[in-house]
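The chain contents come next:
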Amino acid sequence: MLPASSDVIVVGAGNAAFCAAFAAYEQGASVLLLERASVNEAGGNSRFTAGAFRCVYNDINDLKALMPDLTNEEIANTDFGTYTEEKFFDDMGRVTEYRTDADLCELLIKRSKETMLWMRDKGIRFAPIFGRQAFKVGGKFKFWGGLTVEAWGGGPGLIAAYTETARKKGIQIAYETRALSLIADDDGIKGVQVRHCGRTTELKAKCVVLAAGGFQANAEMRTRYLGPLWELAKVRGSRFNTGDGIKMALDIGAMPVGNWSGCHAVGWDRNAPEFGDLSVGDNFQKHSYPFSIMLNANGERFVDEGADFRNYTYAKYGRVILMQPGQFAWQIFDRKVLHLLRDEYRIKRVSKVRADTLEELVKKLEGTNAERALATIYAYNKSVKHDVPFDPNVKDGRGTEGLAIPKSNWANTIEEPPFESYAVTCGITFTFGGLKIDTEARVIDSDGNPIAGLFAAGELVGGLFYFNYPGGTGLMAGSVFGKIAGTAAGRRAVA
Ligand SMILES: Cc1cc2nc3c(=O)[nH]c(=O)nc-3n(C[C@H](O)[C@H](O)[C@H](O)COP(=O)(O)OP(=O)(O)OC[C@H]3O[C@@H](n4cnc5c(N)ncnc54)[C@H](O)[C@@H]3O)c2cc1C
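Residues numbered from 1 in each chain as written. Predicted model: local features only at pLDDT ≥ 70, side-chain atom pairs only at ≥ 80, totals over all residues. Heavy atoms only, no water.

### Some points on the overall build of the protein chain
The helix and strand tally for the protein chain stands at 14 helices and 22 strands. Over its C-alpha atoms the protein chain spans a radius of gyration of 23 Å, differing by no more than 12% from the 23 Å that the globule rule assigns to 495 residues. Evaluated residue by residue, the protein chain yields a buried proportion of 60% over its 495 residues. Across the protein chain, every contact between residues at least 6 apart in sequence was considered, and the portion connecting residues at least 24 apart equals 75%. Summed over all atoms, the accessible surface of the protein chain reaches about 18,900 Å², with 49% contributed by carbon and sulfur. For the protein chain, the distance from the average site of its 59 positive side-chain charges to the average site of its 59 negative ones is 3 Å. (Helix = DSSP H or I, 4+ residues; strand = E, 2+ residues; numbered from the N terminus. Rg over C-alpha atoms; globule rule 2.2 N^0.38 Å. Buried < 20%, exposed > 50% of the residue type's maximum accessible area, 1.4 Å probe, protein only. Contact = heavy atoms within 4.5 Å. Areas by Shrake-Rupley, 256 points an atom, 1.4 Å probe, with all protein chains shown as cover. Lys, Arg positive; Asp, Glu negative; His and termini not counted. Charge placed at Lys NZ, Arg CZ, Asp CG, Glu CD.)

### Quick look at the pairing of strand β22 (residues 450-456)
Summarising burial for β22: 5 of the 7 residues are buried, a large majority. In this structure, strand β12 (residues 199-210) lies alongside β22, joined through 3 bridges in parallel fashion. Note that in β22 the partner of Leu210 across the bridge is Ala456. (Pairing = 2+ DSSP bridges.)

### Some points on the site of the ligand
Of all residues adjacent to the ligand, which total 39 residues, the nearest are Glu35, Asn45, Ser46, Asn241 and Leu475. The separation between a nitrogen atom of the ligand and a polar main-chain atom of Arg36 is 3.1 Å. Backbone polar atom of Ala52 to a nitrogen atom of the ligand: 2.8 Å apart, as the coordinates give it. For the ligand, whose unbound accessible area comes to 1,000 Å², protein coverage reaches 97%. (Near = heavy atom within 4 Å. Polar contact = N/O pair within 3.5 Å; in protein donor to acceptor, adjacent residues only side chain to side chain.)

### Some details on unusual backbone geometry
Most of the time, phi is negative for any residue but glycine, and the peptide bond is trans. The omega torsion across Pro417 and Pro418 is 0°, close enough to zero to call that bond cis. Relative to the elements of secondary structure, Pro418 occurs in the loop between α13 (370-383) and β19 (419-431). Unusually for a residue other than glycine, Phe467 sits at a positive phi of about 70°. We classify Phe467 as partly exposed; its relative accessible area is 36%.

### Thoughts on the sheet that holds strand β6 (residues 134-137)
Read from one edge of the open sheet, 3 strands run β4-β7-β6, paired in mixed fashion. In this open sheet, the two strands that pair with only one neighbour each are β4 (78-79) and β6. Note that β6 and strand β7 (residues 140-143) share 4 bridges and pair antiparallel. Directly across from Ala134, in β7, lies its bridge partner Phe143.

### Notes on the sheet that holds strand β5 (residues 126-128)
In a beta sheet, neighbouring strands are held together by backbone hydrogen bonds and run either parallel or antiparallel to one another. Taken in spatial order, the 3 strands line up as β3-β8-β5 in an open sheet, and their pairing is antiparallel. Looking at the sheet topology across the chains shown, the edges are occupied by β3 (52-53) and β5. Bridge analysis of β3 against strand β8 (residues 149-151) gives 2 bridges, and the strand direction is antiparallel. For Ala52, the partnering residue across the bridge sits in β8 and is Glu150.

Right, dumping it as structure tokens:
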């Protein structure tokens, strides 16, 4: 049975939604979460993640507060470095070409640490991301790229823990309940119209928090806003994020803001299904490309694979791959770096070829001009600067010389068998354009005024990300703004 009225309705049941629900509950409000998916598919994109959170930490004590289980041995054998507010600001500024909304960005960064600690109180446990974000060199792990902490059990663990906490607090999650539209009048929000078990019903609420994700799973909206070819992208995560939350807010006058033609999109297995598969999670991604060269159908390189750490290039390279002929590319590695490939390269459902000679390898690169591919590899091999040592933990400056498209770091020749190659296409993660919110996560209308009782958090908020994105920021932003939105909504509802 759906409750006919609640203080706060939260639309969605992903990371942003749960944070909003818990924060509203803490204010004494009664809370209902609406989840379009069934229990089996619930949890949105958040459930597909590795659970990596980008957060500020100034020293090992900050990390120990977040991860009390860190052992002395782990601390002794690891260089965690620091990730200060300044570094986070630098990263957000640089990757968004300084377009990120200054007020929202400041909140994201300054509240990141305290929000993570608050999440611990809500039953979430964290661990260091050994392996993916730190390589062992000289017996010691060294973290790089500002991404150090993940939720226990990744995205599935995160959603399971949130769901359990909601159950303990008596917060109801209405599964298979799709929000259709907002009920509002001149005084603001009055509730949500929903479809549940084939029936359309109106649920009353004093406040609504929209946390229903972006429009990446909607091919029509993708093409309309991102442009031609985007209907051909594969969706990495939830098939339920079709822009409903954005549309229902725009319908009552909310202001659209941000990079509507932009999105987060990565290199993703060429033969992956159209939408995410929870049994594979994020493992269709192929993120070790900085140690590869990538060739398109013409057998040519098309991007600087080593321009920066993976965290700062992966989210924009999906678009670059989509724009290649046939919308695919091959990542090519030789023996020297195979041990550095991330776990996702070793899954069963992988589009991979292997050969002992380059001549044999290029013939196996389906859809690619083999002759040109061979010539490209030879030219690349000749261009590698051998006098700079290779180091995967730093931007080592071991680049190429004389190529029209350089490789700036981690350039190694491709000449030692066995050779391995992996086929990727574009996998879209989430869209950047969305709703305008203020620093209390209130949704702003197109006249610049808050819509009374309406709040938003997560992917469907616009203005934070433009062109690119620093890995691990999506979950962090959802948590920070989910908490802000839920606190403000709860406070208003019980006032
Ligand atoms: C494969 C993959 C890996 C990723 N890895 C990371 C990572 O490690 N770190 C990171 O920071 N980010 C990662 N991301 C991005 C991250 O998933 C998102 O930024 C974040 O999870 C978004 O959270 P959200 O709560 O806004 O949306 P979601 O978690 O997608 O939740 C949206 C919710 O709304 C529901 N919904 C949609 N429409 C309706 C409707 N009409 N009515 C009711 N409910 C509705 C959905 O079913 C879902 O429950 C990854 C994404 C993918 C796809």
